[in-house]
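Here are the chains, one letter per residue:
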Amino acid sequence: MPKLLSGAEIVFRALEDQKVEYIFGYPGGAVLPIYDELKNHKSIKHILARHEQGAGHSAEGYARSSGKPGVLLVTSGPGATNAVTALTDAYMDSIPLVCISGQVPTHLIGTDAFQECDTTGITRPCTKHNWLVKDVNDLSRVLHLAFEVATTGRPGPVLVDIPKDIQFKKGKYKFFKNTLKKKLNGKITHKVSNSELDKFIDLIKKSSKPIFYTGGGVINSGPEASKYLRELVSLTGFPITSTLQGLGAYPGDDPQFLGMLGMHGTYEANNAMHDCDLMINIGARFDDRITGKVDEFSPGSKKIHVDIDPSSIGKNIKVDLAVVSDVTTLLKSLIKRFKEKNRNFVNSNKQKTSKWWEQIEKWREKKSLNFINSDKIIKPQHAVQRLYELTKNQDTFITTEVGQHQMWAAQHYKFNKPNRWMTSGGLGTMGYGLPAAIGVQIANPGKLVVDIAGEASVLMTMQEMSTAVQYRLPIKIFILNNEYMGMVRQWQELLHEKNYSESYTAALPDFVKLAESYGCVGIRAKTPNELDEKINEMIRVDRPVIFDCVVDKAENCFPMIPSGKPHNQMILGPEEEEEISDEGKVLV
Amino acid sequence: MTKSKSAYSVPGKIGKIERHIIVVWVDNEAGVLARIAGLFSGRGYNIESLAVAEVDKKKHISRITIVTEGTPQVIEQINLQLKKLVPVHKVADFKRGEKDILFRELAMFKVLGSSKKLEKVKKICKKFNPVVLDKTNKSIVIQVTALRAEIDKLALDLKSLGLISTSRTGAVAMTKGSRIFN
């Protein structure tokens, strides 16, 4: 007879068998037996957050920068509800998370016991699946299944709710592998047929105005996918644009790359999307920040959509060729088939796309990311550009909060590798970047990790600085401080008659002193001429840093497609603002 | 264009609404119905009627029949989203009015009245497989199986004869001939 283990021991055995090295969490009454067991498992290190939301975002940052699932351990009731934002964030951005939550003992479930909540009920819409384990002999099967569901198909968060009495009870442990028999989000790798590939290649060959539109699916598919994507783009000679989540899959400084597309994407990327005759969507989901008004989205193009999740296809935009597949698998077989019959395609096809490239160059000449710099006051775009220039020669990981600074980071920081860019895109969670940076730093010791932040966002999870200090994680919090919720302020300026309702934060803390009180380093830059020196100082310090970069309060993020407008009607900059205030009310 | 200050795009054209019957085979485990219902409410889909029961005692498989309405795009999404749920085994989808599918709903009516009126009740129900479940000299409980519209009409007709209580199930469906759902 196999040795019987307690539920808490089973949890750790399962984590060990899943090769988990770090768990992010916060103890409490209903998970104490699991915390008690922690000391007996030296291969697993627990990172104590200051709030369960922080633990969740840290686990996300860990997952996104390492390609491994993030593991989260929280208590019942408030512990679980605090984790909900992070779970939803992971659900929207397809990040594999396994959340283990404590629950009140089974005999108390449903009695409104202390720190009881319906955790599986609350998290049902924000997880791929969740389980309430009521029998200790189910626990090992459920835990292994949880890892499988989180990491296969389109990745996402899962939750396992374990009542306290189950954590004490003795039961059998078994390592279950690949228990999912059926397709889960296209989990069983759908073999792409040759006829699909030939159709794909045929569309490529017929096109004279093509564009690749790639997204987070390329990153999620693993580093191989980025390698193949680069190969395919160079084989075809086609232009490529990327969504916010896909940045880094293709080198940001390559001439074939048109920059990010979408609401704050470049003029050339958005116009190319609008005017193309072939759109090749790889691992993106036609999100509303990308498509704008659906009826007028890229009206004249044939569309190919590659996605691992069948429900992503046809959800927002009808396409001409849908391929349900993992990106790596598809690209590998596509490239192989393409090369067999189309030697030297780039050169022979040059003529056909030359007009298209000429047009793109004309759009590029607009230099839509330009801004009017100043020598008196730091422009936020300038700050991001300087940060990029001063960090591009080392392997740098960037996280962000949500708002203007996030868009400026996406526009002006050029990524060359996948998994170097962690930002909350789908849910748009302010407060994401700081805890995410903690997870990134844990997964990538010795690397430079910078959270490009806004002062409003970062205050939402500022308490996690204490975590960074405790674990000696030298993360850099680079705050573009304009004292406003910048994106809210921008919308109010453009669309609500400059009624800046509640978007100004009075009584902000002194971030330098705040840094000191946490036991980390505070640096402030107020003028453009001291910026480089201060950034270099930040990079040199081998401790956590809060960098208070005092920037222009009135700067807006351009270019911008007002919502409800097609891609070829962008607002390029402040000189066009008059036009916006009239039209703005109609559009966004 | 309507004036809008929203951060979101204005709605596009809406396609034609169709009524569909969706049959889902699921593991009969705790919370499974909540998952299905939550998917519908969370994504703004309709449930017109719902019928659920375990059909395989050994494997604990339940068969859920859902009547829903939506544009073809929405119906496709419902199918694909249902298939993604972990406890869902398979999903079948039929357009209302398809020829080789059988649909039935069951209803129980309680009518109070004189024996003359109650005889009339039996007569009206004749076409719809009536079963008299209970009868006294003042009341009758009668069961019928029919299509939704037929039951709607029946209930209306019985009103003047003293109908005081109606209980109905959601629709269940099955294919004609030797074909089975897959």
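How each quantity is defined
- Residues numbered from 1 in each chain as written.
- Chains lettered and ligands numbered in written order.
- Predicted model: local features only at pLDDT ≥ 70, side-chain atom pairs only at ≥ 80, totals over all residues.
- pLDDT = per-residue confidence, 0-100.
- Contact = placed C-beta atoms within 7 Å.
- Helix = DSSP H or I, 4+ residues; strand = E, 2+ residues; numbered from the N terminus.
- Domains from an automatic or database assignment.
- Nonpolar A, V, L, I, M, F, W, Y, C, P; charged D, E, K, R; others polar.
- Pairing = 2+ DSSP bridges.
- Right-handed = clockwise from strand over helix to strand, strands pointing away.
- Axes fitted to C-alpha atoms, helices over the stretch in contact; angles between N-to-C directions.
- Expected span 1.5 Å × (residues − 1).
- Bend = angle between axes of the 7 residues up to and from the residue.

Enquirer: Please explain the confidence of the model for chain A as it appears in this structure.
Expert: Atom-level detail of predicted coordinates should not be read off regions where pLDDT is low. Residues and elements named next belong to chain A. With 95% of its residues at a pLDDT of at least 70, chain A reaches an overall mean of 94. Scored below 50 in pLDDT, residues 182-187 shows 19 contacts in the model against residues more than four places distant or in partner chains. Counting interchain partners and residues more than four positions distant, the pLDDT-below-50 stretch residues 578-588 has 21 contacts.

Enquirer: Explanation requested: the environment of Gly177 of chain B in the structure shown.
Expert: Position of Gly177 of chain B among the secondary structure elements: in the segment after β9 (172-175). The spacing of Gly177 of chain B and Ile101 of chain B is 76 residues in sequence and 9.3 Å in space, taken between C-alpha atoms.

Enquirer: Would you explain the domain arrangement of chain A in this entry?
Expert: A common way to report how large an interface is uses the accessible area buried once the components associate. All names here are of chain A. If you check the domain split of chain A, you get domain 1 (5-171), domain 2 (194-364) and domain 3 (380-557). Inter-centroid distance (C-alpha atoms) of domain 1 to domain 2 is 37 Å. Listed by partner, the interface residues are 6 residues for domain 1 and 6 residues for domain 2. The residue makeup of the side of domain 1 that touches domain 2, split by class, is 1 nonpolar, 3 polar and 2 charged.

Enquirer: What is the right way to read the pairing of strand β3 (residues 45-48) of chain A from this model?
Expert: The two faces of a sheet get side chains in turn, since along a regular strand they alternate between them. Residue and element names in this part refer to chain A. Relative to β3, strand β2 (residues 22-25) runs parallel, the two sharing 4 bridges. Looking at β3, one finds that Gly25 is bridged to Leu48. With respect to chirality, the unit in which β2 leads through helix α2 (residues 32-37) into the neighbouring parallel β3 is right-handed.

Enquirer: So what exactly am I meant to see when it comes to unusual backbone geometry here?
Expert: For residues other than glycine, phi is negative in most cases, and the peptide bonds are mostly trans. All names here are of chain A. With an omega of -5°, the peptide bond between Phe558 and Pro559 qualifies as cis. With respect to the secondary-structure elements, Pro559 resides in the loop between β20 (545-550) and α23 (577-587). Here the phi dihedral of Lys19 falls at roughly 60°; this positive angle occurs in a residue that is not glycine. Inspection of the secondary structure puts Lys19 in the loop between α1 (7-17) and β2.

Enquirer: How should the environment of Ile360 of chain A be read in this particular structure?
Expert: Within the element layout of this structure, Ile360 of chain A appears in helix α14 (residues 345-364). Sequence separation between Ile360 of chain A and Glu268 of chain A is 92 residues; the distance between their C-alpha atoms is 6.0 Å.

Enquirer: Hey, could you run me through the sheet that holds strand β4 (residues 70-74) of chain A in this one?
Expert: Across a sheet, strands are paired by hydrogen bonds formed along the backbone, either parallel or antiparallel in direction. Residues and elements named next belong to chain A. Read across the sheet, 6 strands follow the order β3-β2-β4-β5-β7-β6 without closing on themselves; strand pairing throughout is parallel. On the outer flanks of this sheet lie β3 and β6 (129-132), each paired with one strand and no other. The average undirected angle you get between the axes of adjacent strands in this sheet is 20°. Of the strands in this sheet, β2, β3, β4 and β5 (97-103) are in contact with helix α3 (residues 52-66), which crosses β4 at around 165°.

Enquirer: How do you make sense of α14 of chain A when you look at a structure like this?
Expert: Quick reminder: α-helices carry 3.6 residues per turn. Residues three or four places apart thus point the same way. All names here are of chain A. If you check α14, its first and last C-alpha atoms are just 25 Å apart, much less than what 20 residues at 1.5 Å a residue would give, namely 28 Å. The largest bend along α14 measures about 60° and falls at Gln351. Considering only its buried residues, α14 is in contact with β11 (257-260) and α11 (267-275).

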